[in-house]
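# Results of the structural survey
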Amino acid sequence: MLVKRWNIFSFVLLGIFLILIIPVSPRYVVTLITSIIIFSIYVSSANLLTGYAGLISLGQAMFWGSAAYMVAILSTRGIVKNFYLLLLICILTVMIISAGFGALAVRVKKLYFMILTFAFGHVIWSLAMYSLQPITYGFDGIRNILRPDLGLPLSMENNLNFYYFVLVVGALCFFILYLMIKSPFGHALIGIRDNEHRMIALGHNTFLYKYLCYIISAIIAGVGGLLFAFFNGYVNPSELHWLWSGDALMMMFIGGIGTFWGPALGALVYTGLRYWVSAYTMYWFGIEGIIFILVVLFFRGGVAGFLTDLQRRLER
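Residue numbering note: each chain is counted from 1, following its sequence as written. Since the coordinates come from a predicted model, pLDDT governs what is reported: local features require at least 70, and pairs of side-chain atoms require 80 or more to be given and counted, while whole-chain, interface and lining totals use all residues. Only heavy atoms go into the side-chain values, all of them from the structure, while hydrogens and water stay out.

## Structural notes on the nonpolar core
- What is meant by a nonpolar core is a set of buried Ala, Val, Leu, Ile, Met, Phe, Trp, Tyr and Cys residues, joined one to another through side-chain atoms within 4.5 Å. For the exposure calls, accessible area comes from a 1.4 Å probe over protein chains only, and a residue counts as buried if that area is under 20% of its type's maximum, exposed if over 50%, partly exposed in between. By size, the foremost hydrophobic cluster in this structure holds 89 residues, and its most contacted members are Phe 165 and Leu 227.
- Here a residue-residue contact requires only that any non-hydrogen atoms of the pair lie within 4.5 Å. Sequence-distant contacts of Leu 227, that is, excluding residues within four places in its chain, are made with Ile 38, Ile 41, Phe 162, Phe 165, Val 166 and Val 169.

Spelled out as structure tokens, the structure:
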């Protein structure tokens, strides 16, 4: 009972912090938390695929980057001005890409899946970097992406309004993920992760489960990419690179792989430390590697695992 009350209290406290405290904070804090929420959405897509289905992907960035580029190309050239139509186009784009690549990728297992997703992601990155350079502007990327017009009497150019918009989208994404994880579909994914042969013996179509999971995770990553394009106002090929997929895995491991709040905690720790350390030294990537090594060696459950162990001790 004590733990349950503590969970409710923590959730209420988080809501108060995000809705009431952050808006009255300095501008840089609002900007930082906005980026953390966007990254949380992206990492949650990787967590659904890796943490719950057991599929380690090095190509998650291609969905994030594809959606970001669709926003950049269509909005800066005035081809599509309606935000809701742009959202639909981005979702359809990542669905088509993931449906095509997923049909091949989920047929293989473990290391081969990781290699295939890496190869797919590299193909998309190469297209944006070289083949489609007249459209994507190659390494220079696309600048001057304006904030979306939601058709509301609120300007998204205002950082606080945009923060609330990102907060609502993030809450919806996590709510949908929560319902999915707690559904029979989510339990089936966990069963496939733990023992796929047993799930096949029980009559489950494991290919279909993994295929749908791959597409859903792509859509969630695409939503994150769309928000990032509007937030950053600039998109370049690094958003498609496999290193950004690696960053998603790193945030996931730091936060806690296969846990619901792991992506948010990982994005918070990773982004917060990066912001703080970068203010003192230019060697952030080395420190990032050290942090990851320490997590793997001593905190394999990540931040969420540590909090779960603490909760269990309180129950005793």
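Past the structure itself, the notes keep going.
## Description of helix H10 (residues 242-255)
- Compared with the 20 Å implied by 1.5 Å per residue over 14 residues, the 20 Å span of H10 between its first and last C-alpha is a close match.
- Segments assigned H or I by DSSP are reported as helices when at least four residues long, segments assigned E as strands when at least two residues long, and all are numbered from the N terminus. Of all 14 residues that make up H10, ten are buried, and the element is covered over most of its length.
- Turning to H10, its buried residues number three or more, namely Trp 244, Ser 245, Asp 247, Ala 248, Leu 249, Met 250, Met 251, Met 252, Ile 254 and Gly 255.
- One or two residues past the end of H10 sits Gly 256, with phi positive at roughly 130°. Given a helix with a known number of residues, its expected span is that number minus one, times 1.5 Å.

## Thoughts on the pattern of salt bridges
- Whenever Lys or Arg places a side-chain nitrogen within 4 Å of a carboxyl oxygen from Asp or Glu, that contact is recorded as a salt bridge. Summed over all chains, the structure comprises two salt bridges.
- The closest approach of N and O atoms between Arg 193 and Asp 194, which form a salt bridge, is 3.0 Å.
- On the accessibility criterion, Arg 193 (35% relative accessible area) is partly exposed.
- A salt bridge links Glu 196 to Lys 210; the shortest N-O distance between them is 3.1 Å. Residue Glu 196 is found in helix H8 (residues 184-201), and its partner Lys 210 is found in helix H9 (residues 206-232); the two are separated by 14 residues along the sequence.
- Overall, Glu 196 belongs to the buried group, its relative accessible area being 15%.

## Re unusual backbone geometry
- Unusually for a residue other than glycine, Lys 110 sits at a positive phi of about 50°.
- Take Lys 110: it is sitting in the loop between helix H4 (83-105) and helix H5 (111-131).
- Residue Lys 110 is classed as exposed on the basis of its relative accessible area of 70%.
- Of note, Tyr 137 is a non-glycine position whose phi angle comes to about 65°, a positive value.
- Note that Tyr 137 resides in the loop between helix H6 (133-136) and helix H7 (159-182).
- The class for Tyr 137 is partly exposed, based on a relative accessible area of 42%.

## Here we look at the packing of H8 against H9
- It is at 10 Å that the axes of H8 and H9 come closest, and there the two elements cross at 140°. Of the possible angle classes, the one that applies to H8 and H9 is oblique. For H8 against H9, the interelement crossing comes out left-handed. Two secondary-structure elements touch here, H8 through Phe 185, Ala 188, Leu 189, Ile 192, Glu 196, Met 199 and Ile 200 and H9 through Thr 206, Tyr 209, Lys 210, Leu 212, Cys 213 and Ile 216.
- Throughout this entry, Asp, Glu, Lys and Arg are counted as charged residues, while Ala, Val, Leu, Ile, Met, Phe, Trp, Tyr, Cys and Pro are counted as nonpolar. The remaining residues, Gly among them, count as polar. Among the residues forming the contact of H8 with H9, the class breakdown is ten nonpolar, one polar and two charged. Axis angles are defined between N-to-C directions and span 0 to 180 degrees, where every axis is a line fitted to C-alpha atoms and, for a helix, only to the segment in contact. For classification purposes, angles smaller than 35 degrees are called roughly parallel, those larger than 145 roughly antiparallel, those between 65 and 115 roughly perpendicular, and all remaining angles oblique. In this scheme the crossing of two helices becomes right-handed for a clockwise turn of the near helix relative to the far one and left-handed for an anticlockwise turn of less than a right angle.

## What about the environment of Pro 148?
- Within the secondary structure, Pro 148 sits in the loop between H6 and H7.
- Put simply, Pro 148 and Leu 227 are 79 residues apart on the chain and 9.5 Å apart in space, counted from C-alpha to C-alpha.

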